[in-house]
Structure formats: C-alpha cells, structure tokens
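Listed below, chain by chain, are the residues.
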Amino acid sequence: MKKIGIFDSCVDTPEEIILAADFVPYRFFSDPTVEIDKVNEHIPPTHCMWTRNLLEQAINGLDKDIIGIIASHGCDRTNREFDIWIECINLDFMFFLNTPLKNDETALKFFINDMKELIFQMEEYFNLKITPANIKEAIRKMNQIRSFLKEISEYRSKMILKGSEFHALVKYAQTQDKDEVLEKLSSKLEELKNKKPFSNDDLKKILLTGSDIDDTELIKYLESLGFHVIIDDLGVGTRYFWNRVDENDEPIRALAKYHLNKPIYSTKFPSYKRFEVLKNLIENYNVEGVINIAQKFCEPVLYDHPYLSKKMKELGIPYLFIEVTYNRESYKQLSTRFSAFAEIISR
Ligand code: SF4
C-alpha cells in the first residue's frame, strides 16, 4: 500500500484527502534510539530535538512505500525545516500545506484554497482524481475512528486502560491502514467493556500536555513512578479525535472548519485559549495534577509555560513543567523531579 508521509506538529493534515486518493496517511514520529549525526550538517543543535530527529531518520532512508510528503504549517521549526527536507530528501512530491494560525473567516478561505491546491497537485502528480464523494466517504471513516478513540479514551478515567496503551493505540491509528485501524479499535473496545478496573489507590491521576510527546516509553516511565495519564491534550491524544468533521457540509469546507476549531495548541493564535481547553479537561476528569513536558528547544511550549504556571496556581492544581532531551537515558535523570511532584499531589 502506497503511503503519504505526514510531517506535522499539530495534527492539522487533512488525512481524508490522502485517503480519497487511495493512499495511506503515515504520520512521522521521532525515535529516541536514533543517533543524531547527519542532521548536524543542516540544523544547529539548539533546534527542536523532535524535528532534528525526524530529519535524521528521513536522511537515513524513509519507508520504501512512502511516495510523497505533506508538511503542515505547525511551528516555525517545522516550517523552516521543510525547506531543508526538500534539499535532502529524494522524493518528487513534497507539499507544504499552509494551515492557518488564526481562526477567522479569512483564515477559513485561505485554508480551503490551500487544500484545493493540495488536491490539484496530487491529482496532477499522481494522475488520479480526488472527488468530493471520495472525500465524504473518507470523512465518514475518519469520524468513525475519532468516535472509537474518544470512547476508548474514557477507559483511562475508568481506570481500566493504561495511558501508555492508549498512546500506542493513537500512534497506530496515525500510521496504519484505516480499515485495519477500525478493526483494531472495534475489538479493543469490546475487550475493554469486559475488563475490570485496576487498583487505583496510589496512582496519581494526571493530565499530560506539552510538545509532540510521541515516545510511548516516556508514558510508561511516568507509570512506573506511580502516575496515571487520565486525560491529555496531545497530538498523539485528544487533539487527534476530540471533535468530528461535519458530514453534511461541503467536504473541503467541513475539513477546514474542523481543523480550525479543534482544541487549540501553543503554536496557534491566541495560544492562551489553550488554558480554557486544559481547565475543562481538569475539571471534567477530576485531574490531580498537570504535567507539561516540552521537548528541548520547543519554543511554543516554552512561551506557554509561564502563563500556564500562573493560571494553574490560580486554579489550585499542582503543575510540573519539564524539558526533556530526546533520549531515554535522560528520562531517568528526571525521576527526582517527578517523584517530588507525586509527593506534592499526595499531600
Ligand atoms: S516539539 Fe515544539 S518546536 Fe518542535 S515541532 Fe513540535 S511544536 Fe515545534
């Protein structure tokens, strides 16, 4: 099955367009076991660790089934780095989708036009047709996936599903054939319905937020220290499935509206609205503490931190901000800070 690679820090890429072209959308994830070497020729070490890691993997060689790449306007790092990808990666189809930072009528029109340009270029390059009917069908499929994920996500707060297991499931949904994803999610839901809750006496129920946290081992590490991710606002998490695309609207417009209205990320304007998203989740899920993890040199999340810290204090919720370098050994060096935070929650 041919795949279109997605380089995207905000889950803003309309996967439905890729599905309507009969390709598999394949979101790129970084890999903390990759040694950073070749990328140093192109990007300084003070650049976001996550994007450096992705480029290193891409230079080392992408999956042979990847026939094109769509990069969506995330933060300044992903935008500027895409120019370097064009230089370094030997693929002819590489498209920069200019997803807006604002959410108003002008932004909506702009986004619709850029999606139409994406469709035009895919049709020309791959010699195929992407019809409104096919996009509508893809929207229905993606909405089914969103609904399944939302329902499964709730089993975290029922203390039946581990946060790490759910995180791995969302990653699966973002990289695999969507029909297989639907099958897997459906059987996972059946399995969960028959499972009993695990003991929750000592677990600290946290909301996890921050940069692109895509290493499931990091969530497992938090679990080993007694935390349970009850809810999140991550791209590998709720931001991917919280809302649904309107199936009755014109499909491109519906997709644009969906992406502009989904839970806001630090890279978007006005990013302080993100606190409202977090506040609702904290209150609805009886969260005991918030952990905000930034990838090293992730500027959008660094800018958000002082504001979030102040607002969490006002809300009276324990809050921990941590910067991680993209390697698993470094997680262990943070154990003292995580343990101290667990103590604060217990008081
Ligand atoms: S981790 Fe931060 S700096 Fe890096 S791509 Fe994501 S939002 Fe941008």
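Residues numbered from 1 in each chain as written. Predicted model: local features only at pLDDT ≥ 70, side-chain atom pairs only at ≥ 80, totals over all residues.

A. Inspection of the overall build of the chain at higher detail. What the chain contains, in helices and strands, is 13 helices and eight strands. Radius of gyration (C-alpha) of the chain: 20 Å, near the 20 Å computed for a compact globule of 347 residues. Taken along its principal axes, the extent of the C-alpha atoms in the chain is 60 × 50 × 40 Å. When the 347 residues of the chain are sorted by exposure, 44% land in the buried category. (Helix = DSSP H or I, 4+ residues; strand = E, 2+ residues; numbered from the N terminus. Rg over C-alpha atoms; globule rule 2.2 N^0.38 Å. Buried ≥ 20, exposed ≤ 12 C-beta atoms within 10 Å, placed from the backbone.)

B. Up close: the site of the ligand. Around the ligand lies a shell of 16 residues, among which Ser9, Cys48, Cys75, Ser211 and Cys298 are the nearest. Those elements giving two or more residues to the shell around the ligand turn out to be helix H2 (49-60), helix H3 (76-88) and helix H11 (299-315). Counting residues per element, the shell around the ligand draws most heavily on H11, which supplies three residues. When grouped by side-chain class, the residues that make up the shell around the ligand number six nonpolar, seven polar and three charged. (Near = placed C-beta within 6 Å. Nonpolar A, V, L, I, M, F, W, Y, C, P; charged D, E, K, R; others polar.)

C. The arrangement of the sheet that holds strand E5 (residues 204-210) in detail. Ordered by their spatial adjacency, four strands build an open sheet running E6-E5-E7-E8, and the pairing between neighbours is parallel. Strands at the two margins of the open sheet, each flanked by one partner only, are strand E6 (227-232) and strand E8 (319-324). Neighbour to neighbour, the strand axes of the sheet diverge by 35 degrees on average, direction disregarded. Here E5 runs beside E6; their pairing, made up of five bridges, is parallel. If you follow Leu207 over to E6, its bridge partner there is Ile231. Those strands touched by H11 are E5, strand E7 (289-295) and E8, and its axis lies near 165 degrees from that of E7. (Pairing = 2+ DSSP bridges. Axes fitted to C-alpha atoms, helices over the stretch in contact; angles between N-to-C directions. Contact = placed C-beta atoms within 7 Å.)

D. Fine view of the sheet that holds strand E3 (residues 66-72). Strand order in the open sheet formed by four strands is E2-E1-E3-E4, with parallel pairing between adjacent strands. Each edge of the open sheet carries a strand with a single partner, namely strand E2 (24-27) and strand E4 (94-97). Adjacent strand axes in the sheet meet at a mean angle of 25 degrees when their direction is disregarded.

E. Examining the nonpolar core more closely. By size, the foremost hydrophobic cluster in this structure holds 92 residues, and its most contacted members are Phe7, Ile17, Met115, Ile152, Ile206, Leu207 and Val290. Here the element with the most residues in this core is helix H5 (residues 132-157); it accounts for eight residues. Non-local contacts of Met115, meaning those with residues more than four positions away in its chain, are made with Pro14, Ile17, Ile252, Leu255 and Ala256. (Core = buried A, V, L, I, M, F, W, Y, C linked by C-beta atoms within 7 Å.)

F. Representation of helix H8 (residues 216-224) within the structure. When we look at burial in H8, the residues that qualify are Leu218, Ile219 and Leu222. Looking straight down H8, one finds that the buried residues subtend no more than 100 degrees of arc, so they occupy a single side. Along its buried surface, H8 packs onto helix H6 (163-173), E6, helix H12 (328-332) and helix H13 (335-346). One or two residues past the end of H8 sits Gly226, with phi positive at roughly 100 degrees. (Arc of directions from axis to C-beta.)

G. Region of interest: the environment of Asn284. If you trace the backbone, Asn284 turns up in helix H10 (residues 274-284). Using a count of 10 C-beta atoms within 10 Å as the deciding quantity, one classes Asn284 as exposed. Between the C-alpha atom of Asn284 and that of Arg156, which follows or precedes it by 128 residues, the distance is 13 Å.

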